[in-house]
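Residue-level structural notes
One letter stands for each residue in the lines below.
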Amino acid sequence: MIWGVLQFPGSCDERDALHACSLLGEARLVWHEERDLDGVGGVVVPGGFSYGDYLRAGAIARFSPAMEAVAELAAAGGPVLGICNGFQVLCEAGLLPGALLLNESMRFVCRQLDLVGDGGERLSIPAKHGEGRYYAPDEVLDGLEANGQVAYRYAPGQNPNGSARDIAGVRNEAGNVVGLMPHPEHAVDPLTGSTDGLRVFEAVAAAGAPA
Amino acid sequence: MPRARVLIRPKEGILDPQGKAVERALPALGFEGIEHVHVGRMVELEAEDPERLAELCEKLLANPLIEDYEIQTL
């Protein structure tokens with residue numbers, strides 16, 4: 001499968017995401033004005049500050065031509081992974097439930113932390129964000145938990161931003177669209193201390209049917 | 001063209017750390033007796049068809065899940 005990594009004006013983690021994808025298969029960047037994904041079977045919406053985070057993080061990026069194509073891919077069951085700002089974009093686009101709010105502490109957080117996947121796996125992955133507090137109304141959160149849509153939680157005591165129910169990442173109902181605030185693409189090489197991030201990419205690839 | 005102002009604020013009940021930070025800073029500046037501070041956004045615009053502003057707010061200016069909005073035509 002060919003991975004496409006979106007690139008918006010203001011993206012800043014697309015190179016690391018591209019590197020992570022290239023460890024799993026073929027990968028290329030997709031400029032935000034590209035309307036045709038042209039053979040891309042899975043997409044990563046990377047971190048950064050798309051369109052300067054103007055208005056709200058992710059609010060403008062969701063209207064880009066490339067995001068229309070991503071919505072089509074997602075509807076067809078293709079794997080889509082949103083990381084940090086990419087998670088915010090997917091929430092704004094309605095591809096994932098909920099929203100990301102300013103950290104409870106008002107501080108930008110940048111640290112290595114542990115995530116627990118819903119299969120019980122523990123992953124050491126860095127987080128770096130100022131607006132990562134996952135929010136959804138209680139009835140939505142109950143639904144996510146009941147449907148197995150909470151993909152990752154911060155390990156007990158490590159919630160860095162006040163996210164509801166320690167939620168670090170969620171998936172859509174079909175399971176092929178996943179978003180999380182921490183950065184698996186920064187944890188794919190032993191040189192940076194952990195390769196656990198690769199397991200996030202692998203899980204998303206396995207959850208989606210490549211187009 | 002008709003002018004309008006859109007006020008966007010965090011929904012009641014959602015923690016607003018910006019409002020809290022402002023509120024906490026006030027006593028140090030000698031402002032007592034101010035509470036329930038909330039920080040939002042204001043968008044000023046001119047619209048040919050003000051009837052469509054609500055749709056604009058729902059789709060872009062506000063995120064209805066976390067924010068309330070108020071349209072004032074001027």
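Above: the structure in question.
Residues numbered from 1 in each chain as written. Chains lettered and ligands numbered in written order. Predicted model: local features only at pLDDT ≥ 70, side-chain atom pairs only at ≥ 80, totals over all residues.

Focus: the overall build of chain A
Within chain A, the regular secondary structure consists of five helices and 11 strands. The C-alpha atoms of chain A give 15 Å as radius of gyration, which agrees with the globular expectation for 211 residues (17 Å, within 12%). Projected onto its principal axes, the C-alpha coordinates of chain A cover approximately 45 × 35 × 30 Å. Considering chain A as a whole, with its 211 residues, one finds that 53% of them fall into the buried category. Across chain A, contacts joining residues at least 24 apart in sequence account for 73% of those joining residues at least 6 apart. (Helix = DSSP H or I, 4+ residues; strand = E, 2+ residues; numbered from the N terminus. Rg over C-alpha atoms; globule rule 2.2 N^0.38 Å. Buried ≥ 20, exposed ≤ 12 C-beta atoms within 10 Å, placed from the backbone. Contact = placed C-beta atoms within 7 Å.)

Here we look at the environment of Ala206(A)
Locating Ala206(A) in the fold gives a position in helix H5 (residues 197–207). Separated by 31 residues in the primary sequence, Ala206(A) and Gly175(A) have C-alpha atoms spaced 10.0 Å apart.

Side note on H5(A)
Residue and element names in this part refer to chain A. Within the sequence span of H5, burial applies to Gly-197, Val-200, Phe-201, Ala-203, Val-204 and Ala-207. For H5, the buried positions fall inside an angular range of 160° around the axis, keeping them on one side. In this structure, the buried residues of H5 make contact with helix H1 (14–24), strand E4 (80–83), strand E7 (122–129) and strand E11 (177–180). (Arc of directions from axis to C-beta.)

Looking at the sheet that holds strand E1 (residues 3–10) of chain B
All names here are of chain B. Read across the open sheet, the three strands follow the order E2-E1-E3; overall the sheet is antiparallel. The open sheet terminates on both sides in strands that have one partner only, identified here as strand E2 (41–46) and strand E3 (67–73). Here the average twist between neighbouring strands, direction ignored, is 20°. (Pairing = 2+ DSSP bridges. Axes fitted to C-alpha atoms, helices over the stretch in contact; angles between N-to-C directions.)

Topic: the environment of Arg5(B)
Residue and element names in this part refer to chain B. Looking at where Arg-5 falls in the secondary structure, it is placed in strand E1. Accessibility expressed as a C-beta count within 10 Å gives 13 for Arg-5, which makes it partly exposed. Residues Arg-5 and Val-43, spaced 38 residues apart in sequence, show a C-alpha to C-alpha distance of 5.7 Å.

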